[in-house]
Structures are given as structure tokens and as C-alpha cells.
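Spelled out from the first residue to the last, the chains are:
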Amino acid sequence: MKIQYLGHSSFRLISDIGTTIVTDPYNKELVGYAMPKVRCDVVTVSHQHDDHNYVEALNGNPAVVDKVLSCPADDVALDGFVVCHDNKGGSLRGLNTVFCFSIDGIKLAHMGDIGEKKESVVDRLEGTDVLMIPVGGFYTIDADTAKWYVDNIRPKIVLPMHYATPDCTLNIAPLADFTDKFDQEYVKYLDCDTLNIDQQPDYPTTIVVLPRYQD
């Protein structure tokens, strides 16, 4: 399978036979930079904020999944569960769906705008190979809580998201606040915009920073 980072909290997941999922498409007016114009078969929306639900940015007519469901298929399976967007039981920003995928036998989780620190989330994500996690704080968990999740879930690959960049207009923290918490031997900055995973990775937890995909 292949993974591309489209910016903010949006990734494109592509199975070996070409089934394509995009997570949390965003509106330029909120984020500060434009979402790449890509096509997909399915788009997942973790919650109804414009920096996560802007399906108009996508080409084609993908199926929109914006709630918990269980959807098995030959090369892709989709499931999820609900968490809070804040640490006040959802009273500040509402609820958020964590989407779990199995693609070509690889287990992935996209945490959306999770805002709480809970052991039950760790339990639900046990065995995750690839974890897409927000690290910028303010609207989500911060770098310290993201590190706590990584240390307890122990995925093979961590893909940070929802962090400040030079062209981002949101008040969130930069990536370095998160990556500096790890042994730099296990922080990898890729030159190419596509991460290829041929089989389940079998190395220690590695933070992989993907450049933003350009269409």
C-alpha cells in the first residue's frame, strides 16, 4: 500500500489494487493553504469542522463516511469509534471519530482531532501498525499527550499531523515540539511524497515525516 500526506490532517491511502481513501479534507480558508485536488473512492470525516470535512476539495464523487460503521472488503476494511474533541467530555468542541483501517493486511488508525487522554483509546488501538496522530495542541492533544499515546500504543510507524507550518494560519504548535521528544535516530524525514509499505513493518516505532503531496 501507499500513503501520501495531503496536509493538515489529510492523508491519501492507496491499496495495492488501487482502492483509495482520503481522510479529513480541509478548506484553504481555515488552514491557510490549498488541499490538493485528488480523487478517491472513499473519504472519511472525523468531525464536522471545515478543516476536516471539506469534501468539495476532492475530485470525483467519493462515498463519504462521517460516522462509525463497519465495512469489510477484500483489500480494505473500515471501522471506528467515538472520542471527545476536547478534555471536557466534548462540551467545548464536541465529538470526534477515530477511524481504523485494514489495508492489504496493514492496520492503520487516523485519530482525527482527538482532544483527550484515555487508556481505553490505547486499548482500542493495540496492534496498530501505522498511527496518524495530531500533535499541534490548542484544538487537539498536544505534543506531550501525543508522545504518551505513541509510547503506549507502540505502532511501527507514526505519521504526525495537525501541526503548524510556515503557510498555516491556525494557532497550533510546530512539528518540532513533537519530534524533539524522540531519539532522533527514529525520526525520519522523507524526501519523496509517497510512503510505500510492502508488508507489515517489523522495526521499532519510527516517526515518519512526509512532505506535503503536490498535485
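Calculation notes
Residues numbered from 1 in each chain as written. Predicted model: local features only at pLDDT ≥ 70, side-chain atom pairs only at ≥ 80, totals over all residues. Heavy atoms only, no water. Helix = DSSP H or I, 4+ residues; strand = E, 2+ residues; numbered from the N terminus. Polar contact = N/O pair within 3.5 Å; in protein donor to acceptor, adjacent residues only side chain to side chain. Contact = heavy atoms within 4.5 Å. Pairing = 2+ DSSP bridges. Axes fitted to C-alpha atoms, helices over the stretch in contact; angles between N-to-C directions. Buried < 20%, exposed > 50% of the residue type's maximum accessible area, 1.4 Å probe, protein only. Phe/Tyr/Trp six-rings, centres within 6.5 Å; stacked < 30°, edge-to-face > 60°. Lys NZ or Arg CZ within 6 Å of the ring centre and 35° of its normal. Salt bridge = Lys/Arg side-chain N within 4 Å of Asp/Glu carboxyl O.

Engineer: Any details on the side chain of Thr-23? Residues and values, ideally.
Structural biologist: Mapped onto the fold, Thr-23 is located in strand S3 (residues 20–23). In this structure the side chain of Thr-23 is engaged in a polar contact, spanning 3.2 Å, whose partner is the backbone oxygen of Ser-9. When residues no more than four places from it in sequence are discounted, the contact partners of Thr-23 are Ser-9, Ser-10, Phe-11, Thr-44, Phe-101 and His-110.

Engineer: Report on the sheet that holds strand S7 (residues 95–103), specifying residues and quantitative values.
Structural biologist: Across the sheet, 7 strands lie side by side as S6-S7-S8-S9-S10-S13-S11; this open sheet has mixed pairing. Edge positions in the open sheet fall to strand S6 (76–84) and strand S11 (187–189), since each of these has one partner strand only. Pairwise comparison of adjacent strand axes, ignoring direction, gives a mean angle of 20° for this sheet. Both S6 and S7 contribute to a ladder of 9 bridges, which runs antiparallel. The partner of Val-82 across the bridge, within S7, is Thr-97. Most of the contacts of helix H3 (residues 143–153) go to strand S9 (residues 130–134), to which it runs at about 165°, and overall it touches S9 and strand S10 (157–161).

Engineer: Can you lay out the sheet that holds strand S1 (residues 2–7) for me, pointing to particular residues and giving the numbers?
Structural biologist: What the 6 strands build is an open sheet, ordered S5-S4-S3-S2-S1-S12; its pairing is mixed. Two strands in the sheet have a free side with no partner beyond their single neighbour: strand S5 (63–65) and strand S12 (194–196). Geometrically, the sheet is characterised by an average inter-axis angle of 20° between neighbouring strands, direction not taken into account. Pairing of S3 with strand S4 (residues 42–44) involves 3 bridges; the strand directions are parallel. Across the sheet, Val-22 pairs through a bridge with Val-43, a residue of S4.

Engineer: So what about the side chain of Asn-96? Which residues, and what values?
Structural biologist: Mapped onto the elements of the fold, Asn-96 is located in strand S7. For Asn-96, a relative accessible area of 0% corresponds to the buried category. Among the polar contacts listed, one links the side chain of Asn-96 to the side chain of Ser-46, at a separation of 3.3 Å. Among the polar contacts listed, one links the side chain of Asn-96 to the side chain of His-47, at a separation of 3.4 Å.

Engineer: So what's going on with the packing of aromatic side chains? Residues and values would help.
Structural biologist: Taken as a whole and judged by the stated rule, the model has 5 aromatic pairs. These aromatic residues form a ring-pair network of at least three members: Tyr-5, Phe-11 and Tyr-163. Stacked on the ring of Tyr-213, the Lys or Arg Arg-12 has its end atom at 5.2 Å from the ring centre. Lying over the aromatic face of Phe-182, Lys-147 brings its terminal NZ or CZ to 5.1 Å of the ring centre.

Engineer: Got a sec to walk through the pairing of S3? Specific residues and values, please.
Structural biologist: Burial along S3 is two-sided: the face carrying Thr-20 and Val-22 and the face carrying Ile-21 and Thr-23 are both buried. Pairing of strand S2 (residues 10–14) with S3, which is carried by 3 bridges, proceeds in the antiparallel orientation. Across the sheet, the residue bridging to Ile-14 is Thr-20, located in S3.

Engineer: Account for the pattern of salt bridges, naming residues and giving values.
Structural biologist: Applying the stated criterion to the full structure yields 4 salt bridges. Between Arg-39 and Asp-41 there is a salt bridge, with its nearest N and O atoms 2.9 Å apart. For Arg-39, a relative accessible area of 40% translates into the label partly exposed. Of the charged contacts, one joins Lys-181 and Asp-144 as a salt bridge, the two residues approaching to 2.7 Å between their closest N and O atoms.

Engineer: So, unusual backbone geometry: which residues are in play, and what are the values?
Structural biologist: Non-glycine residue His-8 carries a positive phi angle of around 55°. Its relative accessible area of 0% is what places His-8 among the buried residues. A positive phi angle, near 55°, is found at Arg-154, a position not held by glycine. Within the fold, Arg-154 resides in the loop between H3 and S10. According to the relative accessible area criterion, Arg-154 is exposed, its value standing at 63%.

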